[in-house]
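Results of the structural survey
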Amino acid sequence: MEPRQNIAVADCFGDMFSCELFLGQLESIYETPSAVLDLSAVSFADPYSMAVLLIAGRVYLKKRGYRLGVTGLSEALALYLERMDFFTQGIIEPPEVLPANRYFRQKASRRLIEITPIPNREKESIKALGSIITLFRGRAAQIFKQIYSPEIVNCFVTVISELCQNIFEHSMDSGFLTLQTYLYNRDPVIRLVIADSGIGIEESFSEEKRLVHGRGADLLKNAIIKPISGKRPFGHGLCRVNDIVKELKGSIYLRSGSSSVAFMYGKFRQGNTYCFMKNGLPFLEGTQLSFSILGS
Amino acid sequence: MVITVFDTGKKAGASLPDLLTRPVAKRVLSLMLKKIELASADELVICDFAGIEVIDPSFVDECLISLIIRSRRQDPKFFVMLRNLSKIAEDNITGVISLHNENSKEPVSILTEQLTSLNEYCIGALSRVEGEIVSFLRINGHASFELLSSVFPFAEESGIRRSLESMYQRGLVRKKDNEEAGYRSV
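Positions within a chain are numbered from 1, following the residues in the order the chain's sequence is written. The naming scheme follows written order: chains are lettered A onward, ligands numbered 1 onward. With the structure being a predicted model, the display of local features is reserved for residues of pLDDT at least 70 and the display and counting of side-chain atom pairs for 80 or more, all residues being used for whole-chain, interface and lining totals.

When its secondary structure is counted, chain A shows 10 helices and 11 strands. Against the compact-globule benchmark of 19 Å for 296 residues, chain A has a radius of gyration of 19 Å, which places it among compact chains. Its C-alpha atoms put chain A at 50 × 45 × 40 Å along the principal axes. Taking all 296 residues of chain A together, the buried fraction comes to 46%. At a minimum sequence separation of 6, the contacts of chain A that also span at least 24 residues come to 70%. Note on conventions: DSSP H or I runs of at least 4 residues are helices, E runs of at least 2 residues are strands, and numbering of each starts at the N terminus. Each radius of gyration is computed over the set of C-alpha atoms, and the globule rule expresses the reference value as 2.2 Å times the number of residues to the power 0.38. Note on burial: count the other C-beta atoms lying within 10 Å of the residue's C-beta; 20 or more is buried, 12 or fewer is exposed, in between is partly exposed, and C-beta positions come from the backbone. Placing a C-beta atom from the backbone of each residue, one calls two residues in contact when those atoms lie within 7 Å.

Here it is, written out as structure tokens:
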């Protein structure tokens, strides 16, 4: 194997938007043999960024035949990634030295769902989904705390189910799910992320359907607000997810290929909706979705 | 005929108390239709969702919408009613049926045994008058054509006849022996 080459990564894993800085480096990372990401500048990795790292790592593994490495992790970051089962996915080469107390999992740290693979085979995926829902229901009181109610739990079950199904129905590859509650710009946030490294939304639509529903960010936007589907006459899942995020005054961020769309409900003035669309982003395989609400 | 959806879901391998995914929906629908084969003409099939929490939109589309359409097209026809829906189940069913009706040439609606959160006995494509007819028949049990015409005046007699016939075809009312004898609640 060739000598390892370190690639410095900025502190850009705080959210979906700053993560684009890392995605801008992907092309050079893929071209670098024995690449090791130097994360010494990284203070925090949100669930979306973790999922993106895994997707990028998977693509690197497919291209190179060996794993992308990481180095320079702070103790806090290393503990956090361990806690989230980041290294047990077998995609990213863990650093040589990990913190000694990494196996100690506190009860208080049940405000999350660890990174969980979603297989691309229907039977296995449904089984994985069942396990995730059971785990989620078991931890829901700690995840939601003061905003806990059976209704909000059931809303999230709907969202988890619909988004996981899109992986085995449309992506033609496997993916990951993770959930974390944390402070984001001093606000408590509950962030659910589902990501895959599949064919992406645009490829899952035929050319005829793309002529009708658009391309790039237009297609992503329509996929969220209209009952369109690449496979059938109608697909209601993302629309219902959008309805739920609207009811909960949260936000939804969908990225696929080189495009993204974000809907933010009730973030600014009461009742306002903000929609941001982007094309021409650095290409990343598959589809990544982040569903966030304010927690407590 | 009452179908206990919890038990049917268990046989279909669902991760209870939720009914999730299209593959599970197909299995549940298949088991339901097997039972419905034993139904007589114009039988009411009540789908009892007691014990079920979430019914996801994919399940609604694959199972319930298909069941509603089948109930109209099958010979003999049967009627469908939903019982004991959880709030999220009702919300998801309402959401899916609304989207379906906006985009399909075959709008659907389904009766509920309990009042919905919108104070109706039905979810789906109903005009205001049709919703009131369903409620009227639910409360009164049955009514003659003359009574319905007087309570719900239409500009022309043919208007109410068309409405009632359409509601019958959509599985929202039953006919009493013949149209002149009136209609009754499902």
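There's more to say after this.
This paragraph deals with helix α10 (residues 237–247) of chain A. Among the 11 residues that make up α10(A), nine are buried, leaving the element largely enclosed by the rest of the structure. Backbone geometry just after α10(A) places K249(A) at a positive phi near 55 degrees.

What follows concerns the sheet that holds strand β8 (residues 183–185) of chain B. All names here are of chain B. Two strands are counted as paired when DSSP detects at least two bridges linking them. Taken in spatial order, the three strands make up an open sheet running β6-β8-β7, and their pairing is antiparallel. Every other strand in the sheet has two partners, leaving β6 (142–143) and β7 (173–175) as the edge strands with one partner each. Of the strand pairs in this sheet, β7 and β8 are connected by three bridges, and their pairing is antiparallel. Paired with V173 across the two strands is S185, which belongs to β8.

The subject of this paragraph is the nonpolar core. Under the definition applied here, buried Ala, Val, Leu, Ile, Met, Phe, Trp, Tyr and Cys residues are grouped into a nonpolar core through C-beta atoms within 7 Å. Membership of the largest hydrophobic core comes to 134 residues, with the highest contact counts inside it found for A51(A), V52(A), V159(A), I160(A) and V24(B). Counting residues per element, this core draws most heavily on helix α6 (residues 150–171) of chain A, which supplies 10 residues. Here this core gathers at least three residues from each of two domains, domain 1 (5–93) and domain 2 (112–294) of chain A. For V24(B), the residues in contact, after removing those within four places along its chain, are I126(A), A12(B), G13(B), A14(B), L19(B) and F59(B). Delimitation of the domains relies on an automatic or database domain assignment.

All names here are of chain A. Structurally, chain A comprises domain 1 (5–93) and domain 2 (112–294). Listed as interface residues are 20 residues of domain 1 and, on the opposing side, 21 residues of domain 2. Of all elements in the fold, only α1 (20–23) and α3 (47–64) reach the threshold of two or more residues within the side of domain 1 that touches domain 2. At nine residues, α3 tops the list of elements feeding residues into the side of domain 1 that touches domain 2.

Note that the residue after L16(B), namely P17(B), is joined by a cis bond; omega there is 15 degrees. Take P17(B): it is sitting in the loop between α1 (5–11) and α2 (22–36). Between D75(B) and P76(B) the backbone carries a cis peptide bond, its omega angle lying at 5 degrees. Within the secondary structure, P76(B) is located in the loop between α3 (57–73) and β3 (79–83). Its identity as a non-glycine residue notwithstanding, D85(A) has a phi of 65 degrees, on the positive side. As for its placement among the helices and strands, D85(A) is situated in the loop between α4 (75–83) and β4 (92–93). With a phi angle near 65 degrees, D42(B) is a residue other than glycine that sits in the positive phi range. Residue D42(B) is classed as partly exposed on the basis of its 13 C-beta neighbours within 10 Å.

Turning our attention to the environment of V54(B). Its place among the elements puts V54(B) in the loop between β2 (44–48) and α3. A C-alpha to C-alpha distance of 9.1 Å links V54(B) and L16(B), two positions 38 residues apart in sequence. With near-sequence residues (within four places) excluded, V54(B) lies in contact with N154(A), V157(A), T158(A), D18(B), L20(B), I88(B) and A89(B).

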